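Read off the chains here:
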Amino acid sequence: EGLGDLSMLNKINLHGCRRLRGLPDRLGDLTGLKELNLAECIDLQRLPERLGDLIGLKELNLSWCKWLEELPDGLGNLTGLKTLILQNCKGLIGLPERLW
């Protein structure tokens with residue numbers, strides 16, 4: 001619950017948290033976040049819709065998140081996103097239309 005109080009946080013690295021299945025919706029409160037690394041979170045199944053509220057996000061690494069089937073539509077709101085890594089996301093069915 002206290003995650004939203006970390007407004008000055010600019011990087012979260014959860015690389016290799018293999019049992020992580022999801023993230024809290026309040027992640028969207030971290031508007032200063034620039035980098036989110038979820039690589040090799042192989043059990044990750046969903047991302048919060050509020051991911052699109054991370055207006056400062058520059059890099060999102062989701063490589064090897066093999067159970068992730070979709071990305072939230074709000075991802076298209078991240079106009080400053082420069083790097084999106086989806087390597088070996090074998091369960092990914094498609095990308096949000098607004099991403100293009």
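Residues numbered from 1 in each chain as written. Predicted model: local features only at pLDDT ≥ 70, side-chain atom pairs only at ≥ 80, totals over all residues. Heavy atoms only, no water.

J.: Whenever I open this one, the overall build of the chain confuses me. Can you help?
T.: Within the chain, the secondary structure is distributed over zero helices and four strands. Moving toward the C terminus, one meets the helices and strands of the chain in the order β-β-β-β. Projected onto the principal axes, the alpha-carbon positions of the chain cover approximately 35 × 30 × 20 Å. The buried share among the 100 residues of the chain stands at 37%. A sequence separation of at least 24 residues applies to 49% of the contacts in the chain between residues at least 6 apart. Summing over all exposed atoms, the chain offers an accessible surface of approximately 6000 Å²; the carbon and sulfur share of this is 48%. For the chain, the centre of its 13 positive side-chain charges and the centre of its 14 negative side-chain charges are spaced 6 Å apart. (Helix = DSSP H or I, 4+ residues; strand = E, 2+ residues; numbered from the N terminus. Buried < 20%, exposed > 50% of the residue type's maximum accessible area, 1.4 Å probe, protein only. Contact = heavy atoms within 4.5 Å. Areas by Shrake-Rupley, 256 points an atom, 1.4 Å probe, with all protein chains shown as cover. Lys, Arg positive; Asp, Glu negative; His and termini not counted. Charge placed at Lys NZ, Arg CZ, Asp CG, Glu CD.)

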